[in-house]
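Report on the structure
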Amino acid sequence: MSTNTYKKKVKQNTKQKKKRFSFNFLKDRRFHLVFGFFLIAASLYLLIAFISYLFTGKADQSLMEPFMEGNLKTSGLEAENWLGLFGAFSSHYFIFNWFGIASFLIPPLLFMIGYKAVFRKEILPTHRVFIFVTFFLFWISLLFGYLVIRTEQTSEFGFIGGGIGYELAIISESLIGWGTLLLLIFTFLAFIIIFFNITSLFTHKTADNPVSHQSDFSNTQSDETDSYSDNMSTVALDYDLADENDGVSRPSLLANNIELEVEESDNRKSEKTNTENDEAAGQLSLEVTEQNTEEKIADRVENYDPTLDLPSYRYPEPGLLDILSNNRVHVSKEELEANKDKIVETLINFKIGISTIKATIGPTVTLYEIVPEAGIKISKIKNLEDDIALNLAALGIRIIAPMPGKGTIGIEVPNKNREIVSMHSVMTTEKFMKSNKELPIILGKTVSNELYVTDLAQMPHLLMAGATGQGKSVGLNVILTSLIYKKHPSQLKFVLVDPKMVELSLFKKLERHFLAKLPDTDEAIITDTRKVIHTLNSLCIEMDSRYDLLKDGGCRNLKEYNNKFVKRKLNPEEGHRFLPYIILVIDELADLMMTAGKEVELPIARLAQKARAIGIHLVVATQRPSVNVITGIIKANFPARWSFRVTSKVDSRTILDTGGAEQLVGMGDTLLSMGSDLIRLQCPFVDTHEVENVCEFVGSQRGYESAYPLPEFLDDDSDQGIGEVDMKNLDPMFEEACRIIVMNQQGSTSLLQRKLKIGYNRAGRLIDQLEAIGIVGPFEGSKAREVLVTDEQSLEQLLKDITR
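Residues numbered from 1 in each chain as written. Predicted model: local features only at pLDDT ≥ 70, side-chain atom pairs only at ≥ 80, totals over all residues. Heavy atoms only, no water.

Of note, Arg 680 is situated in strand E14 (residues 677-682). The buried category is assigned to Arg 680, whose relative accessible area is 5%. In this structure the side chain of Arg 680 is engaged in a polar contact, spanning 2.5 Å, whose partner is the side chain of Glu 412. A polar contact of 2.6 Å, which involves the side chain of Arg 680, links it to the side chain of Asp 669. (Helix = DSSP H or I, 4+ residues; strand = E, 2+ residues; numbered from the N terminus. Buried < 20%, exposed > 50% of the residue type's maximum accessible area, 1.4 Å probe, protein only. Polar contact = N/O pair within 3.5 Å; in protein donor to acceptor, adjacent residues only side chain to side chain.)

Written out as structure tokens, the structure is:
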């Protein structure tokens, strides 16, 4: 073997050994967790040691010399610090030798870094906290050091500035004297101005330009976002929609982890080529990352924001709702034992043995879960519902046999003292405030005292029933209040139908913010039956129009469509617009079915069948859930049913397809049926004045010029007959309408509305004129009319014949 060959092999082996040593362990999640928990523990340790130093520091100061000389055992026995000798040592150095009282800023910094490493979430931006703590460590030390020198309290309070502060104060005093105080004031103001970017306070603003506040805030946020650009391969920022209200975007750690993986895979690929290309590959990766980040941020800045129509809008505050004190349910141990004994006694009397029994206390009922002995039929226990109720002398005993997903049988027994679930208590929970659902609504608390929050957009419609006085109207108010607290007026509109005229009148003040209505109508709350029919048919027209927009935009649902529009991928000049969710709320269906029948049933059925994809959802309530009110067509399209107490088992089976609603105890006690699941909930209580407070808060703010306009609808009585079309007075847009219909080969009124940007009435008259001269065929129900002219050449000839 030649000398050169041997040297090459030695070099290759050396390179391979070097390659084997890497810092990949820094990317290991286990290392992050250990390191994070260490910092959290260290922060708590130092905090306790610092607090103890304030009381024991003088006594332990004499131990520092023996400790440094190695006499640990003796020094440890004499230490008075709460955390022993090491606590005394660490607090002595941090407080006495270094930073003084300012050392108390160090434990929160360590805690935040550790919290971020463990939970991958930031309490506050870590880099900004680090800058803040670093500045004030020296600033506070200098301040207290200067005060100690000036007041000549070196022996008594010399430690508050620390050794660093004391030395800095001596240097400053010798150089500028009392100007040290001016230096401290100047550096404090300079730091506050730069750190918090408070230049906007010194900028002249007028009342006519409320958006200027938001622009200043967005500039601050863009500065913070730029500081992360070096660490992100893509700007995959996770936004927490619950923190949607605060307007602050927080970068998720997930983006950083993705980038690390991408960079690691790039490095592995570069190793397959040669060592000389490693640096070039790293530089190339860095350049691409920076470019993509800038492009993504630019795209995000240019996105359309529908909320800017009302930039000064403020979401309602929880303080508008009442805080109920001492409303927690208290079920005594004696009551639990008594109920348990009676249940066991009843079962034994009927020769049914049980092996275990467990109780779960809820706001309204206590759930007793039993496990029967082997060989016991479930049906035998189920048939004892009335016997157990008799023995317990309680109303509303309900047996769940078996419990879904468990090997037990449940017996729900009403509590003697019931809990009132306040709207404030559920509204301020983290589960609701940080919910990322499209249309989050609160329905109540479960038997295990858990808040039940669901998404109306996924239900997608809700059918409610309940006898008079059982809390049905309160339930509607809870749903509407939940949505008002979470959504901006640009994102949500209500169509409120109230045949009883008084239940939904509280929401009248929201007309210019959240309500939708027909054009040329005075009242946004619909009470007249004829107007209800017009409104339902108008919603059907809106539904068809939205489906045309989704078809043109190549989207399958409203969320995809709005995302495309926000990212400016849809052209408003082609009729596209941001589409808010529309919630149709009918407070009493029975009255409408009695007075209008099929005229109401058919549009409700159409909306329930088709409207979920385009963001129109229905919440329909009735106090009489009979088969002639909740017909088969309506019931089949409402998979989610919410029942308050009803009067009979027949009504319960009509609304829930099973019994149980007749056994409820009233006052907001409900059963929710979602497919095969049946969940017992205690609906929150929201009082009338609370709803008025919320509506007053929203209604007093600047809103839109009017309510959200629904398409015009003309029934058969108001439509002009085809034979009455005056061919001498054709619409100015007649020829343009002819060409649109022939080019698209679709005789649709909504097509003319969208293309010509006209209302439904004018589009309907144009269709009548087109039918009169033979361009489109007759009306065919929900289908588009047939186009009788096949090409533009034939159309031009037809138009010439008309003008002669």
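The subject of this paragraph is helix H5 (residues 84-99). Within an α-helix, residues lying three or four positions from one another point in the same direction, as the helix has 3.6 residues per turn. For H5, built from 16 residues, the straight-helix expectation of 22 Å at 1.5 Å per residue is met to within 8% by its first-to-last C-alpha distance of 21 Å. Taken residue by residue, H5 has Leu 85, Gly 87, Ala 88, Phe 89, Ser 90, Ser 91, His 92, Ile 95 and Phe 99 as its buried positions. Of the residues one or two after H5, Gly 100 is the one with positive phi, at around 70°. (Expected span 1.5 Å × (residues − 1).)

Burial analysis of strand E5 (residues 440-445) places six of its six residues in the buried class, which makes it a mostly covered element. Sheet topology note: the E5/strand E6 (residues 451-455) ladder contains five bridges and is antiparallel. In the sheet register, Ile 441 faces E6, and the bridge partner there is Thr 454. Where E5 folds back on E6, the antiparallel hairpin that results is connected by five residues, among which Asn 449 adopts a positive phi of roughly 65°. (Pairing = 2+ DSSP bridges.)

Another point: the packing of helix H14 (residues 333-349) against helix H16 (residues 385-392). It is the contact of H14 with H16, at a shortest axis distance of 10 Å, that shows an interaxial angle of 135°. Overall, the two elements H14 and H16 adopt an arrangement that is oblique. Both H14 and H16 take part in a crossing whose hand is right-handed. Listed contacts from H16 to Asn 339, Lys 342, Ile 343 and Thr 346 of H14 are Asp 387, Ile 388, Asn 391 and Leu 392. Here the residues of the contact of H14 with H16 are counted per class, giving three nonpolar, three polar and two charged. (Axes fitted to C-alpha atoms, helices over the stretch in contact; angles between N-to-C directions. Parallel < 35°, antiparallel > 145°, perpendicular 65-115°, else oblique. Left-handed = near helix turned anticlockwise from the far one by under 90°. Contact = heavy atoms within 4.5 Å. Nonpolar A, V, L, I, M, F, W, Y, C, P; charged D, E, K, R; others polar.)

Before going further, it helps to examine the packing of aromatic side chains. Tallied over the full model, the rule gives 28 aromatic pairs. Residues Phe 89 and Tyr 93 carry aromatic rings whose centres are separated by 4.7 Å and whose planes lie at 50° to one another, so their mutual orientation is tilted. Separated by four residues within a single helix, Phe 89 and Tyr 93 lie in helix H5, roughly one turn from each other. A ring pair is formed by Trp 139 and Phe 188, whose centres lie 5.4 Å apart and whose planes are at 40°; its orientation type is tilted. Of this pair, Trp 139 sits in helix H7 (residues 126-151) while Phe 188 sits in helix H10 (residues 179-196), and the two are 49 residues apart along the sequence. The class for Trp 139 is buried, based on a relative accessible area of 16%. An aromatic cluster of at least three residues, connected via ring pairs, comprises Tyr 45, Phe 50, Phe 86, Phe 89, Tyr 93, Phe 94, Trp 98 and Phe 104. We note Arg 128 situated over the ring of Phe 195; from NZ or CZ to the ring centre the distance is 4.3 Å. For Lys 486, the ring lying beneath its charged end belongs to Phe 432, and the centroid distance is 5.7 Å. (Phe/Tyr/Trp six-rings, centres within 6.5 Å; stacked < 30°, edge-to-face > 60°. Lys NZ or Arg CZ within 6 Å of the ring centre and 35° of its normal.)

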